[in-house]
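Spelled out from the first residue to the last, the chains are:
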Amino acid sequence: MDYFENILDMEIDDKDYFTEMSEMQSYIEAFLESGNRRDKKDDCVTEIGLAIEHLLKLKYCTNDRNYRVWWNSFSTHIGAFSSYARGLSKKDNEKLMAYVKSNNLQRSYEIGVKNYKHAAKKYPDLKDGEKYIPTECKWSLDDLINPNVTLEELLAKLPDME
């Protein structure tokens, strides 16, 4: 996994970095402002699924063409979910976490796998990884939203390609 060691240290000029951070913040703000509370639980499941899709791409892509983009996308989708959850009352936050943890994390995982497989049809460098993707989610919600869990730790939970 040497190619991940410096993923966040990749050279990027200040303008590109500012643009990426602005886009991430805009996405999170739009997510927080959209929809009503009832729909938001399912939106959160989808956000986690989109984050998982990008973890799968980081693990199984056979070249390094988009690692920084995928890492930023993972961070954006998890950030949108986490920001929403933090803005809830304690009781509503606990309900949301219980909702996601009770089979909906697996549903998020399945969304991520489905999106990965759809992308693999277009990008052959993702195709080889499909056979290594587990059927069951290997992460807990706590793993995914914990800012102290590293990318390497998240990816280590998936089987390596042979």
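Everything numeric in this text was worked out from a predicted model, so none of it was measured.

Student: Break down unusual backbone geometry for me, with residues and values.
Tutor: If a residue is not glycine, its phi is most likely negative; likewise, a peptide bond is most likely trans. Its identity is not glycine, yet asparagine 103 carries a phi of approximately 70°, on the positive side. Within the secondary structure layout, asparagine 103 lies in helix α4 (residues 90-122). Owing to a relative accessible area of 65%, asparagine 103 belongs among the exposed residues under this scheme.

Student: Give me the nonpolar core: which residues, what numbers.
Tutor: Nonpolar side chains in soluble globular proteins generally cluster together in the buried interior. Counting residues in hydrophobic clusters, the biggest one holds 39 residues, and the most contacted among them are Leu55, Leu56, Trp139 and Leu144. Of all the elements in the fold, those that place two or more residues in this core are α2 (37-60), α3 (67-86), α4, α6 (141-145) and α7 (151-156). Of the residues forming this core, the biggest block, nine residues, is contributed by α4.

Student: Report on the environment of proline 134, specifying residues and quantitative values.
Tutor: Along the chain, proline 134 falls in the loop between α5 (124-127) and α6. Judged by its relative accessible area of 14%, proline 134 is buried. Separated by 25 residues in sequence, proline 134 and proline 159 place their C-alpha atoms 7.8 Å apart.

Student: Before we move on, could you go through the pattern of salt bridges and cite the residues and values that matter?
Tutor: Two side chains carrying opposite charge are able to pair once their charged atoms lie near each other. With the rule as written, the count across this model stands at six salt bridges. Measuring nitrogen to oxygen at the nearest pair gives 3.1 Å for the salt bridge that ties arginine 107 to aspartate 42. Residue arginine 107 is found in helix α4, and its partner aspartate 42 is found in helix α2; the two are separated by 65 residues along the sequence. Taking relative accessible area as the criterion, arginine 107 reaches 32% and is therefore assigned partly exposed. Residue lysine 59 is joined to aspartate 160 by a salt bridge in which the shortest nitrogen-to-oxygen separation is 2.6 Å. Remark: aspartate 160 occurs in the segment after α7 and lysine 59 occurs in helix α2; sequence separation between them is 101 residues.

Student: An account of the confidence of the model for the protein is needed here, citing residue identities and associated values.
Tutor: Per-residue pLDDT for the protein averages 82, and the proportion of residues at 70 or more is 75%. Averaged pLDDT values over the elements of the protein bottom out at 56 in helix α1 (residues 14-33) and peak at 95 in α6.

Conventions and cut-offs
Residues numbered from 1 in each chain as written. Predicted model: local features only at pLDDT ≥ 70, side-chain atom pairs only at ≥ 80, totals over all residues. Heavy atoms only, no water. Helix = DSSP H or I, 4+ residues; strand = E, 2+ residues; numbered from the N terminus. Buried < 20%, exposed > 50% of the residue type's maximum accessible area, 1.4 Å probe, protein only. Core = buried A, V, L, I, M, F, W, Y, C linked by side-chain atoms within 4.5 Å. Salt bridge = Lys/Arg side-chain N within 4 Å of Asp/Glu carboxyl O. pLDDT = per-residue confidence, 0-100.

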